[in-house]
Amino acid sequence: MPTSPDPVQLDAIDRAILRELQHDARPTNVELAQRVHLSPSACLRRVRRLEESGVIARYVALLDPKAVGQAGTSYTIVNVERTSVEALRRFEEAVRLEPAILDCFYVAGSNDYLIRFTFRDAADLERFHSEVLTRLPGVVRSNSMLVVRTVKKTTALDLGD
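None of the values given here were measured: they were computed from a predicted structure.

*Asks:* I'm lost on the overall build of the protein in this one. Help?
*Replies:* The helix and strand inventory of the protein stands at 5 helices and 4 strands. Listed by position from the N terminus, the elements making up the protein come as α-α-α-β-α-β-β-α-β. For a compact globule of 161 residues, the expected C-alpha radius of gyration is about 15 Å, and the protein comes in at 20 Å, more than 25% above that figure. In the protein, the proportion of contacts linking residues at least 24 apart, taken out of those at least 6 apart, comes to 63%. With an accessible surface of roughly 11,500 Å², the protein has 53% of that area assigned to carbon and sulfur atoms. Of note, the protein has its 22 positive side-chain charges centred 1 Å away from the centre of its 22 negative side-chain charges.

As structure tokens, this is what we get:
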């Protein structure tokens, strides 16, 4: 199993900055500094350090799928024919090139991958299954779970105290 790099040491102020930015990534540096009780220059230095160290990977706008016509969400378990390094590489490269696939995780257990995608309606879901999913290299079986209601969804990591 691949090893992870050592985590960056975060103090209470770093965690406060990260909590604020996970909630709202658009405050000015002055606003952020006020929220975490730092001077603007000290706050900017810390944010830059968090960016450079990779703790802050990027800034994005999170869209509401329903607002852009994507009313449904599917989590689909995918099993592939072979799990050789080359077969997995081909599958994963095809997934990376498919814009409709939002997330893809290589998982442990009796299944190989978990994919998340959104869809407009039943016809779009069927199109995804027949034109995208079944054409991915090596797919032998899939099982989709359609989201009925979202109970909790967050992108914010729990940073502890």
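Here the narrative resumes, following the displayed structure.
*Asks:* I would appreciate a short explanation of the layout of surface pockets in the present structure.
*Replies:* Any empty space left between the atoms is revealed when a probe the size of a water molecule rolls over them. Roughly 1,400 Å³ of internal volume is contained in the largest pocket. Along the walls of the largest pocket sit 34 residues, with R58, Y59, V60, L62 and T155 positioned nearest its centre. Those elements that place two or more of their residues in the lining of the largest pocket are α1 (12-23), β2 (101-106) and β3 (113-119). Considering each element in turn, the lining of the largest pocket owes the most residues, 4 residues, to α1. Broken down by class, the residue content of the lining of the largest pocket amounts to 20 nonpolar, 6 polar and 8 charged. A volume near 330 Å³ is recorded for the second largest pocket. What lines the second largest pocket is a set of 15 residues, and nearest its centre among them are K66, T73, V147, T150 and K153. For the lining of the second largest pocket, the element with the highest residue contribution is strand β1 (residues 72-80), accounting for 3 residues.

*Asks:* Would you mind going over the nonpolar core with me for this structure?
*Replies:* Nonpolar side chains tend to gather and get buried jointly when the protein is soluble and globular. Of all hydrophobic cores here, the largest spans 16 residues; its most connected members are V78, F91, I115 and L136. Those elements that place two or more of their residues in this core are β1, α4 (85-97), β3 and α5 (122-132). Setting aside residues no more than four positions away along its own chain, I115 makes contact with S74, Y75, T76, V78, F91, I101, D103, C104, L133 and L136. In this structure, L21, A33, C43 and V47 belong to the second largest nonpolar core, which totals 10 residues.

*Asks:* Whenever I open this one, unusual backbone geometry confuses me. Can you help?
*Replies:* Excluding glycine, a negative phi dihedral is what most residues carry, and trans is how most peptide bonds are arranged. Phi at H37 takes a positive value of approximately 60 degrees, unusual for a residue other than glycine. For H37, the position within the fold is in the loop between α2 (29-36) and α3 (40-52). Owing to a relative accessible area of 72%, H37 belongs among the exposed residues under this scheme.

*Asks:* I keep staring at α1 and nothing clicks. Help me out?
*Replies:* Owing to its 3.6 residues per turn, the α-helix aligns residues three or four sequence positions apart on the same side. The terminal C-alpha atoms of α1, which comprises 12 residues, lie 17 Å apart, in line with the 16 Å expected from a rise of 1.5 Å per residue. Listed as buried for α1 are D14, R15, I17, L18 and L21. In a view along the axis of α1, the buried residues occupy a sector of 160 degrees, so they form one face of it. Exposed residues pointing more than 90 degrees away from the buried face of α1 are listed as A12 and H23. On its buried side, α1 packs onto α2 and α3.

Reading the values: the criteria
Numbers given to residues run from 1 along each chain, matching the order in which its sequence is written. Only residues with pLDDT of at least 70 get local features here, since the model is predicted, and only at 80 or more are side-chain atom pairs given and counted; chain-wide, interface and lining totals rely on the full set of residues. As a rule here, side-chain values come from all non-hydrogen atoms in the structure, and water together with hydrogens is ignored. Each helix is a run of DSSP H or I of at least 4 residues and each strand a run of E of at least 2, with the numbering of both proceeding from the N terminus. Only C-alpha atoms enter the radius of gyration; for comparison, a globular chain is expected to reach 2.2 Å times N to the power 0.38, where N is the number of residues. In this analysis, two residues are considered to be in contact whenever any of their non-hydrogen atoms come within 4.5 Å of each other. All accessible areas in this document rest on Shrake-Rupley with a 1.4 Å probe, and a residue is counted as covered only by the protein chains that are shown. Charge assignment: positive for Lys and Arg, negative for Asp and Glu; neither His nor the chain ends contribute. For charged residues, the charge sits on one atom: NZ in Lys, CZ in Arg, CG in Asp, CD in Glu. Using only the protein atoms, space was sampled on a 1 Å grid; points where a 1.4 Å probe fits but cannot get out form cavities, open sets with protein on both sides within 12 Å along at least five of seven lines form pockets, and lining residues are those with an atom within 4 Å of a point. Grid points are joined across faces, edges and corners, and a volume is the space filled by probe spheres set on the points. Note on residue categories: nonpolar means Ala, Val, Leu, Ile, Met, Phe, Trp, Tyr, Cys or Pro, charged means Asp, Glu, Lys or Arg, and polar means any other residue, Gly included. Buried residues of nine kinds, namely Ala, Val, Leu, Ile, Met, Phe, Trp, Tyr and Cys, make up a nonpolar core once their side-chain atoms join them within 4.5 Å. Only protein chains enter the accessibility calculation, which uses a 1.4 Å probe; a residue whose area is less than 20% of its type maximum is buried, one above 50% is exposed, and one in between is partly exposed. Each residue after the first adds 1.5 Å to the expected span of a helix. What the arc describes is the spread of directions from the helix axis to the C-beta atoms.

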